[in-house]
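# An overview of the molecular structure
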Amino acid sequence: MIIVGELINASRKAVAAAIEAQDAPFIKKLAREQFEAGAHYIDVNAGVFVDQEREFLQWLVRTVQ
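Now for a quick tour of the structure. Predicted model only: the values in this text are computed from it and were never measured.

## A look at the nonpolar core
Judged by nonpolar contacts, the single largest core of 15 residues is most densely connected at Ile8, Val15, Ile19, Ile27, Phe49 and Leu60. Within the residue set of this core, elements represented by two or more residues are helix 1 (13-21), helix 2 (24-36) and helix 3 (53-64). No other element matches the four residues that helix 1 contributes to this core. Contacts of valine 15, omitting those with residues within four sequence positions, involve Leu7, Ile8, Asn9, Ala10, Phe26, Ile27 and Leu30.

Below, the structure is given as structure tokens:
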């Protein structure tokens, strides 16, 4: 079984605010918690930011890695 952590999703208000503010500690904490809970992959989603999605996704990937 492959487990994917999907909590880093901009449709969640707190996550959207963290993405906009580029709050790396908040995003890293979410990623770490999901990893420690058994996630094999961490999914990141910035889809609500249509005009900035590319930039935010690049930031999210670098932050989570």
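## What about the pattern of salt bridges?
Where charged atoms of side chains with opposite charge meet at close range, the side chains can pair. This structure, assessed with the given rule, holds one salt bridge. In this structure, glutamate 33 engages lysine 29 in a salt bridge whose closest nitrogen and oxygen atoms are separated by 2.6 Å. Of this pair, glutamate 33 and lysine 29 both sit in helix 2, four residues apart, which is roughly one turn of that helix. Of the residues examined, lysine 29 reaches a relative accessible area of 47% and is grouped as partly exposed.

## Points about the packing of helix 1 against helix 3
Following both chains from N to C, one finds helix 1 and helix 3 inclined at 95 degrees, their axes separated by 10 Å at the closest point. Taken together, the axes of helix 1 and helix 3 are roughly perpendicular relative to one another. Each of Ala18, Ile19 and Glu20 in helix 1 lies in contact with helix 3, whose residues at this interface are Phe56, Trp59 and Leu60. A class-by-class count of the residues in the contact of helix 1 with helix 3 yields five nonpolar, no polar and one charged.

## Some remarks on helix 1
At 3.6 residues per turn, the α-helix brings residues three or four places apart onto the same side. Here helix 1 has its buried residues at Val15, Ala16, Ala18 and Ile19. The buried side chains of helix 1 occupy one side of the element, clustering within an arc of 165 degrees when seen end-on. The exposed set on the far side of helix 1, more than 90 degrees from its buried face, consists of Lys13, Glu20 and Ala21. Close packing links the buried residues of helix 1 with strand 1 (4-9), helix 2, strand 2 (41-45) and helix 3.

Conventions and cut-offs
- Sequence order as written defines the numbering, with residues in each chain counted from 1.
- Only residues with pLDDT of 70 or above have their local features reported here, since the model is predicted, and side-chain atom pairs are shown and tallied only from 80 upward, although totals for entire chains, interfaces and linings are computed over all residues.
- For side-chain calculations, the full set of non-hydrogen atoms in the structure is used, while hydrogens and water are omitted.
- We define the nonpolar core as a collection of buried residues of types Ala, Val, Leu, Ile, Met, Phe, Trp, Tyr and Cys that are connected through side-chain atoms lying within 4.5 Å of one another.
- Any residue under 20% of the maximum accessible area for its type is buried, any over 50% is exposed, and the rest in between are partly exposed; the area is computed with a 1.4 Å probe on protein chains only.
- The helix and strand labels rest on DSSP assignments: H or I over at least four residues marks a helix, E over at least two residues marks a strand, and numbering proceeds from the N terminus.
- Working rule for contacts: check all heavy atoms of both residues, and any pair within 4.5 Å makes them a contact.
- We define a salt bridge as a side-chain nitrogen of Lys or Arg found within 4 Å of a carboxyl oxygen belonging to Asp or Glu.
- Only the stretch in contact is used when a helix axis is fitted, and all axes are lines through C-alpha atoms; the angle between N-to-C directions ranges over 0 to 180 degrees.
- Geometric relationships in this document are graded by angle, where less than 35 degrees denotes roughly parallel, more than 145 denotes roughly antiparallel, 65 to 115 denotes roughly perpendicular, and other angles denote oblique.
- Gly falls in the polar group here, along with every residue not listed as nonpolar (Ala, Val, Leu, Ile, Met, Phe, Trp, Tyr, Cys, Pro) or charged (Asp, Glu, Lys, Arg).
- As used here, the arc is the angular range of directions from the helix axis to the C-beta atoms.

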